[in-house]
Amino acid sequence: QSVLTQPPSVSAAPGQTVTISCSGSSSNIGKKYVSWYQQFPGTAPKLLIYENDKRPSGIPDRFSGSKSGTSATLGITGLQTGDEAHYYCGTWEDSLGAARVFGGGTKLTVL
Amino acid sequence: QVQLVESGGGLVKPGGSLRLSCAASGFTFSDYYMTWIRQTPGKGLEWISYISGSGDTIFYADSVKGRFTISRDNAKNSLYLQMNSLRAEDTAVYYCVRDIDVPGTFLYFDFWGQGTLVTVSS
């Protein structure tokens, strides 16, 4: 049972836009920065979005992040088949000391 | 460039012990918090433990507290995870991860190792 809640799966056609939600509480997302990670099968996760809405160097601007209240959202525009992966949100949790927490992950299928 | 290379995974019987290592390069190791994160096959990510750059601040997830010990040797640019009293549910890929913090606040994980598989089975 993950502290943060993500939909298990989302799907969309190439070229379309998809959003992935990440729901938390006032002790985590509500007061903390959110980051997003992309993971392809058999590989390590990779940082996609940090501090809610910033992209590391090399991440296309098709990827965006936002946060409102106790929820965060990852947006991907102009979907490509190469975007098919698992996506995880992460932050940390006051009520658990300083534990880092993740969402359960969302499998993006590009139809 | 930043590199994190884990080693030490393998097959161990329930109740046994294993020590994971992570060799870091490409950055000033002692300046950074480091974290271990694991991923059960086919499942999501689970944060295990972090250690501050100096090693004086350490925190564990409840699932491993009292069984696992995180440590670091800044002279060797290395991070370790001593795992004792291993259980079947500890079977996972273990990642060594650089943890970006400002005082009192975790920000994000920016670099991940390739992971090492630990299998706990009789």
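Look up a bit, the structure's there.
Definitions and cut-offs
- Along each chain, residues carry numbers from 1 onward, in the same order as the chain's sequence is written.
- To label them, take the chains in the order written and letter them from A, then take the ligands in the order written and number them from 1.
- Under the rules for a predicted model, residues below a pLDDT of 70 receive no local features and side-chain atom pairs below 80 are neither given nor counted, while totals for whole chains, interfaces and linings still include all residues.
- In computing side-chain values, all of the structure's heavy atoms are included and hydrogens and water are not.
- Working definition: a disulfide is two cysteine sulfur atoms within 2.5 Å of each other.
- In DSSP terms, a helix is any run of H or I states spanning at least four residues, a strand is any run of E spanning at least two, and both are numbered starting from the N terminus.
- Remark: exposure states derive from per-residue accessible area (1.4 Å probe, protein chains only) relative to the maximum for the residue type, with buried under 20%, exposed over 50%, and partly exposed in between.

Trainee: Help me understand the state of the cysteines, please; the structure alone is not making it clear to me.
Mentor: A covalent bond between the sulfur atoms of two cysteines is referred to as a disulfide. Under the definition given, this model contains 2 disulfides over all chains. Between the sulfur atoms of Cys22(A) and its disulfide partner Cys89(A) the distance amounts to 2.0 Å. Across the S-S bond of Cys22(A) and Cys89(A) the torsion is about 75 degrees, and the bridge reads as right-handed. Of this pair, Cys22(A) sits in strand 2 (residues 18-23) while Cys89(A) sits in strand 7 (residues 85-93), and the two are 67 residues apart along the sequence. The exposure classification of Cys22(A) matches that of Cys89(A), with both residues buried. Two residues, Cys22(B) and Cys96(B), share a disulfide whose sulfurs are 2.0 Å apart. Where Cys22(B) bonds to Cys96(B) through sulfur, the torsion about that S-S bond is close to -65 degrees, and the disulfide is left-handed. A residue pair is termed long-range when its members are at least 10 positions apart, and Cys22(B) in strand 3 (residues 18-25) and Cys96(B) in strand 9 (residues 92-102) qualify at 74 residues. Taken individually, Cys22(B) and Cys96(B) each receive the classification buried, so the pair is uniform in this respect.

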